[in-house]
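Structure assessment
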Amino acid sequence: MGENMRWLAFFFTVLSCVLFPEPLITQLPPQVVYENLESKRALPGVLPVPSGEKKDGISFRVSPFFYSGNFEGKTKTGWFVLSDPPWENFYLYENIPPLFSALLEGNVGDVSFYTEIPFNNNYNYFYKESLNNIPPLWKEIASPDSNFPYTAYGVYNGDSFYAVIGRSKIRWGSSEFPVAISDVSPYFNHFTFSTKGKIQYTFHLVSINPVLTEDEWEKQSTFVPVNADPLSPYTEKVKTLAAHRLDFHIRENLRLGVGELTMIGGKYPDLFAVSPFSIWHNNYNEGYTNSMASFDFSWVPKKGFEVHGEFVLDDLVGTTEDESKPTAYAFNVGARKTFSTGSLRGVFGVEYALATKFVYNTFLPYLKFNNRIVYLTNLPSSRTIVDYPVGFAFGPDAKLLNVSFDLFKENVSLETDFFYLVKGPNTLYTEYPTAEEGETKNIFGASLRGKIGNVSFSLLLSGDEFLAGLGVEFGF
């Protein structure tokens, strides 16, 4: 077995045995970061990856959870109305566990299947009426969240490659706050193919909800962008994200990754736009594609210490170009250090991330780097559109300094973050390429999430807002 295959086997074994009971790994928690750094192993460049877990059967999880405080949740209700960005709520709803979940698992040879069926409070009632995961059945029997499942997939895990089709999270890079593909979305509907080896190739094809508001449709169906081809505008109701990358595991303690993402909208994707081995930017499919390049790395120069970084380039204005499409990029850089005392282990981390005013944005709604989810709710009766950033969690025109301090031992975990967020007025809804002159928000805050046995708790401080949460979890 080669050096890189040993690294993959170690990574999968740690994750599947310690943390993950399902066939697919979609998170990068402190326990795994600790084990890799202590073994001088670079962190992975792409998730999901197979865990190697294989089970047959049905299991259940009950997790009542309640919040209390002066936190003012932000959302809008109505029929296909565009709601507030989820970062305004610090992704509170997305991180609360369902009140009840049924988990269905099965496998046939190298193929595994996994589905979670949740029973939860709905998005709008959660923010407008009651910050807990209890659906108000006493008001309306059809009030629970009806958008499930959020996780449902099949995975083939072979000796030299794996493939996933279904619904799960995706993430790129080893950072706390990825800037290419982040895991802040509840899910992506995707097909993923990835090889195993010292040079790892990964390809994603993601379908994104193509629903538009009336104003967005007017823009999409009439506006012809600069340098677009003569057949613009494109008006097929379809939006697709294609992404591919190469990870070079140069040594056990050093990984370099290079990738490309293309958002395709208003036109059904073809091999000209999504050929797995093309450089998409060189196709210049103006009018129906928007491409970004990415680079990231993870380096463990000595036991217990890691440095990581990520850079994405959306647009670069050359010396012979005008500035109708301004230079746009995002990056992060950070470091982690492990420590231990007795049975208690931990990871200390520092990370800085920046996204410029125009990154992820462009002229047409279908070509913006957002993952659109429509929450269907019956109480209140609404179809609420929520846009999750594909990249940086706080979108364009943002800077973040985050200090993390994570502790864990058997049946105990504690994750703490202290952050300083600077959020400018430009968003994905800003008329591109306009530089807004509105208010810049400066937010100091802290968050704490933990679990002791079956009891979980959380704390959020943001400016003058305060929120505490408490819950309990049982499985059978």
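Everything below is about the structure printed above this text.
Our subject in this report is the structure included herewith. All values reported here derive from a predicted model rather than from experimental measurement. (Residues numbered from 1 in each chain as written. Predicted model: local features only at pLDDT ≥ 70, side-chain atom pairs only at ≥ 80, totals over all residues. Heavy atoms only, no water.)

Before going further, it helps to examine the nonpolar core. Ranked by internal contacts, the top residues of the largest apolar core, which has 60 residues, are L261, Y360, F392 and F394. Among the elements that take part in this core, helix α4 (residues 123-128) stands out by supplying three residues, more than any other. Apart from residues lying up to four places away in sequence, F394 is in contact with W87, F90, F177, L400, L421 and K423. Formed by 18 residues, the second largest nonpolar core is a distinct cluster that contains L24, V33, L103 and V155. (Core = buried A, V, L, I, M, F, W, Y, C linked by side-chain atoms within 4.5 Å. Buried < 20%, exposed > 50% of the residue type's maximum accessible area, 1.4 Å probe, protein only. Helix = DSSP H or I, 4+ residues; strand = E, 2+ residues; numbered from the N terminus. Contact = heavy atoms within 4.5 Å.)

In this section: the packing of aromatic side chains. Summed over all chains, the structure comprises 30 aromatic pairs. When the centroid spacing of 5.9 Å and the interplanar angle of 70° are considered together, the rings of W87 and F394 count as edge-to-face. Placement of the pair is W87 in the loop between β6 (79-82) and α3 (92-95) and F394 in the loop between β21 (381-389) and β22 (398-409), with a sequence separation of 307 residues. Per residue, the accessibility class of W87 equals that of F394, and both read buried. (Phe/Tyr/Trp six-rings, centres within 6.5 Å; stacked < 30°, edge-to-face > 60°.)

Once that is clear, we can look at the pairing of strand β25 (residues 455-462). Successive residues of a regular strand alternate their side chains across the two faces of the sheet. Residues of β25 alternate between two faces, with S456, S458, L460 and S462 buried on one and V455, F457, L459 and L461 left unburied on the opposite face. Where strand β24 (residues 441-452) folds back onto β25 in an antiparallel hairpin, the turn is made up of two residues, including G453, whose phi is positive at roughly 60°. Pairing of β25 with strand β26 (residues 465-472), which is carried by eight bridges, proceeds in the antiparallel orientation. Directly across from S456, in β26, lies its bridge partner G471. Counted between consecutive antiparallel strands, the loop separating β25 from β26 contains two residues, among which G463 sits at a positive phi close to 60°. (Pairing = 2+ DSSP bridges.)

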